[in-house]
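# Understanding the architecture of this molecule
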Amino acid sequence: MHPIFAAAMVVGVSTSIENDRPPPRRVALFVTCLVDLFRPAVGFAAVKLLEEAGCTVEVPPLQVCCGQPAYNTGDRATTRAIAMQVMDAFEGYDAVVAPSGSCGGMLSHHYPALFDDDPALKARAEDLAARSHELISFLVDVLNVDRVAARYDGTVTYHDSCSGLRELGVKEQPRRLLGSVKGLALREMKTPEVCCGFGGTFCVKYPEISNAMVGEKSADIAATGADTLLAGDLGCLMNMAGKLQREGSAVRVRHVAEVLAGMGDLPAIGEPEAGAR
Amino acid sequence: MQSTAHAFKDNVGAALADPNLQDSLSKLKVGFSERRRQAAERLPEFEALRDRARDIKNHTLANLDFYLEEFERKVTALGGHVHWAPTAADARRIIADLCRSVGARTVAKSKSMVAEEIALNEHLEELGIAPIETDLGEYIIQLRHEPPSHIIAPAVHLTKDQVADTFLEHHRKLGFDKRLTERNDLVAEARYVLRQKFLDADVGLTGANFLVAETGSSMLVTNEGNADLSNTLPRMHIVLASIEKVIPTLEDAAVLLRVLARSATGQESSAYTTLNTGPKRPGDLDGPEQYHVVLLDNGRSGVLGTEMQEILRCIRCGACMNHCPVYGAVGGHAYGWVYPGPMGAVLTPQLVGVEEASNLPNASTFCGRCESVCPVRIPLPKLMRHWREREFERHLTPRAVRQGLALWSFVARRPGLYRSLTAIANRMLSLFGRAEGRYRSLPLAGGWTRFRDFPAPPSGGTFHAQWKATRKQP
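Keep in mind it's a predicted model, so treat the numbers as computed, not measured.

It is worth spelling out the overall build of chain A at this point. When you go through chain A residue by residue, the secondary structure sums to 14 helices and 8 strands. C-alpha extents for chain A along the principal axes are approximately 50 × 50 × 35 Å. Buried positions account for 59% of the 277 residues belonging to chain A. In chain A, the share of contacts with a sequence separation of at least 24, taken over all contacts with a separation of at least 6, comes to 77%.

Residue and element names in this part refer to chain A. Counting through the fold element by element, F90 comes out in the loop between α5 (76–89) and β3 (95–98). As a C-alpha pair, F90 and F30 span 60 residues in sequence and 8.6 Å in three-dimensional space. Non-local contacts of F90, meaning those with residues more than four positions away in its chain, are made with A28, P60, V96 and L128.

Okay, helix α15 (residues 341–352) of chain B next. Residues and elements named next belong to chain B. Over its 12 residues, α15 runs 15 Å from end to end, which matches the ideal 16 Å to within 8%, given 1.5 Å per residue. The buried fraction of α15 is high, at 12 of 12 residues. Taken residue by residue, α15 has G341, P342, M343, G344, A345, V346, L347, T348, P349, Q350, L351 and V352 as its buried positions. Structurally, α15 contributes buried residues whose contacts are with α13 (319–322), α14 (325–330), α16 (369–373) and α17 (380–393). Following α15 by one or two positions, G353 has its phi on the positive side, about 105 degrees.

Turning next to the domain arrangement of chain A. All names here are of chain A. Domain annotation for chain A reports domain 1 (23–141) and domain 2 (146–260). Relative placement of domain 1 and domain 2: their C-alpha centres are 22 Å apart. Broken down by secondary-structure element, the contributors of at least two residues to the side of domain 1 that touches domain 2 are α2 (33–38), α3 (40–52), α4 (68–71), α6 (101–114) and α8 (135–142). Here the side of domain 1 that touches domain 2 is composed, by residue class, of 13 nonpolar, 11 polar and 3 charged.

What follows concerns the interface of chain B and chain A. Between chain B and chain A, the contact holds 56 residues from the first and 63 residues from the second. Elements with a minimum of two residues in the side of chain B that touches chain A: α1 (8–16), α14, α17, α18 (399–412), α19 (415–433), α20 (446–449), β12 (454–455) and α21 (463–470) of chain B. In the side of chain B that touches chain A, the residues fall into 27 nonpolar, 18 polar and 11 charged.

Residue and element names in this part refer to chain B. Of note, A119 is a non-glycine position whose phi angle comes to about 55 degrees, a positive value. Taking the number of C-beta atoms within 10 Å as the measure of exposure, A119 has 16 and is therefore partly exposed. Backbone geometry at R316 places phi at a positive 60 degrees, although glycine is not the residue there. According to the C-beta neighbour criterion, R316 is partly exposed, with 17 such atoms within 10 Å.

Domain boundaries assigned for chain B yield domain 1 (5–296), domain 2 (315–399) and domain 3 (415–470). On a C-alpha basis, the centroid separation for the pair domain 1 of chain B and domain 3 of chain B is 54 Å.

Bringing the pairing of strand β8 (residues 252–255) of chain A into the picture now. Residue and element names in this part refer to chain A. Neither face of β8 is open: one carries R252 and R254, the other V253 and H255, and all of them are buried. Note: strand β7 (residues 228–231) against β8, 4 bridges, orientation parallel. Counted as the bridge partner of A231 is H255 from β8. After leaving β7, the chain enters helix α13 (residues 234–246) and then returns to the sheet as β8, a path that is right-handed.

Attention now goes to the sheet that holds strand β2 (residues 106–109) of chain B. All names here are of chain B. The parallel open sheet is built from 6 strands, whose spatial order is β1-β10-β7-β4-β2-β3. Of all strands in the sheet, those bounded by a partner on one side alone are β1 (81–85) and β3 (130–133). For this sheet, the mean angle separating the axes of adjacent strands, direction not counted, is 25 degrees. Direction of pairing for β2 relative to strand β4 (residues 203–206): parallel, over a ladder of 3 bridges.

Nonpolar side chains in soluble globular proteins tend to end up buried together. Among the nonpolar cores identified, the biggest contains 216 residues, and L240 and V294 of chain B are the most heavily contacted of them. Looking at which element gives the most residues to this core, the answer is α3 of chain A, with 8 residues. Dropping the residues within four chain positions of it, L240 of chain B is found in contact with A91, I95, S112, V114, A115, L205, G207, V294 and L296 of chain B.

Residues and elements named next belong to chain A. The 4 strands lie next to each other as β2-β1-β3-β4, forming an open sheet whose pairing is parallel. What marks the edges here is a single partner per strand, and that holds for β2 (56–58) and β4 (132–134). If you compare each strand with its neighbour and ignore which way they point, the axes differ by 35 degrees on average. With 3 bridges connecting them, β3 and β4 associate as parallel partners. Looking at β4, one finds that V96 is bridged to S132. Most of the contacts of α8 go to β4, to which it runs at about 100 degrees, and overall it touches β3 and β4.

Here the focus is the packing of helix α12 (residues 207–224) of chain A against α13 of chain A. Residue and element names in this part refer to chain A. α13 packs onto α12 with a crossing angle of 75 degrees between their chain directions and a minimal axis gap of 10 Å. In terms of orientation, α12 and α13 fall into the roughly perpendicular class. Here V214, G215, K217, S218 and I221 of α12 come into contact with α13, specifically with N239, M240, K243 and L244. Considered class by class, the residues forming the contact of α12 with α13 number 4 nonpolar, 3 polar and 2 charged.

Definitions and limits used
- Residues numbered from 1 in each chain as written.
- Chains lettered and ligands numbered in written order.
- Predicted model: local features only at pLDDT ≥ 70, side-chain atom pairs only at ≥ 80, totals over all residues.
- Helix = DSSP H or I, 4+ residues; strand = E, 2+ residues; numbered from the N terminus.
- Buried ≥ 20, exposed ≤ 12 C-beta atoms within 10 Å, placed from the backbone.
- Contact = placed C-beta atoms within 7 Å.
- Expected span 1.5 Å × (residues − 1).
- Domains from an automatic or database assignment.
- Nonpolar A, V, L, I, M, F, W, Y, C, P; charged D, E, K, R; others polar.
- Pairing = 2+ DSSP bridges.
- Right-handed = clockwise from strand over helix to strand, strands pointing away.
- Axes fitted to C-alpha atoms, helices over the stretch in contact; angles between N-to-C directions.
- Core = buried A, V, L, I, M, F, W, Y, C linked by C-beta atoms within 7 Å.
- Parallel < 35°, antiparallel > 145°, perpendicular 65-115°, else oblique.

Right, dumping it as structure tokens:
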């Protein structure tokens, strides 16, 4: 068994979600391409949180990407083709859950408008949109989870990623669950709602502007005195982690799901693995 | 105004390296957004008013021909004149002819972005007519020969020290040889210098925030009162406004005014709200003898009925740029034309051509903050995306981006191939990166690693590979 998964299992013993358990739901995890490639622990943390909330979690094998690289470049034909592939992959599940507000928002807010000229496909897209959720808001708003039993000894600050915040209304949900994590103190930034400058391909198409934005974000993070930065989207996290580390900051960067699932002892994003040196 | 939007990337480099600009922007970013937030919180019905404002503008745009003609009828009945200007050149010619008809030597102007759009000042100067900017910000940038950097605060890119130097340089010849350092003293000096120019002006030229169809009035809001002197003292008052400024009724104006000032500056109401309704009537103590309204189209009617129509709801409050992190990083001049920020990123490609302004709708993270504060709920990110789609259709998207996207798309549409390739990429990135945990440079990722480290994935494989190894699919 992989160590990440083993860690999740061990912590899982002490984690319980004290709530009226909803009936098990057949939930499909939309892993997202960044989590798949760069931070699999986020996916395992999501599985753990969903299972503990009473869900049966499956990972449909035909999933790849939500299509945002094409969508945000203006390539509508490719976006539609990928959206149809996603609709096929996630057919029939009670819910589709992504550990990302950006990818979750793509499915739940942007897919239907891609098929305005095709009523049958639009109906399918709307059906998928209605079933699609960002992980933390799904736990809190749909499954009524209001606490986790994880422990994290540290002071954290939380960045509100744009799509989750403004398209999906993810704001209080992660803070509520973080409030139940033992040992954890939350210290807010001055402007947690201002974009970090990632923006998908934006950060490499306009690197100077992106750098100015993430530089301002890292100063805001540093001013909190927190030792850990959390957020709900891996793209933003990689951007902020990369900037903080380039500046020599000691702030550790993690996906909020990892901390909520009791996996906060893994090496942080961009940190070397123990014994790898 | 000559566009430099094509040089956006160079403009950005210059803006980021300008310490005065960065100093000014750091104040703007906090000030405007905080004041707007407080103003919105103080008014419980603010969100409902935004809906009404949107609906009023949508209704007007759906019946634009009707309301424009209604406005013209009313203005004419009052003894004023309406001039239709399909293009910027038409508007310049109409205004120049009007100025020459009264032998004008100077024109007192209040701030008008439409006048910037048609490059009116340069045109008047060529004809030997001196335009005098009377809005303090516009006056400062006129002295400095700079374009505005913000639609409601045209000199917001400057520091107080820069203004002090500019005044000393230009006012010395008028006898003001002391370098002022206090804000109020600078304002007082400008006011003194400008007062005589108001009295001397032959023509007053103003923009309009709204044109009210039911009364034939043009409506202006300012905080300086300069527009009121511009339109009452000279013999001729010319209103220059674009066609989407018309609204049906005064009742509608009341709704729009309530969201405008709050969104723009966080004020409940601007200091001056002035209605100009025709020329001086018999028995009036003051007012212009002639009242002209120049209605500019300049490409706007081409937006009607298209997916971009919603941009014509814009009431020019500036909230989108005040809340935009890209504007906050680079300021208004980088956008290269009259309208910066998110509304400019949508409007400029329409007015100067998408080839010229292709960068503007791309230079956005789609963070959505602009849409969240827009008083008339324009879906600015969606409209910027429409421009990206048009660029892609017309092969204006840079070749490297198109090729990269085509390659990615080929792989992303073949899940089996995608899994194999990501497994290899994950393995390589993990193998060479895990000792450090990150890369300081990475082939093909220079845009990222120039400013940031790139996190390496931990060992163990992709999520999908690990999932397959540890769990059986049901």
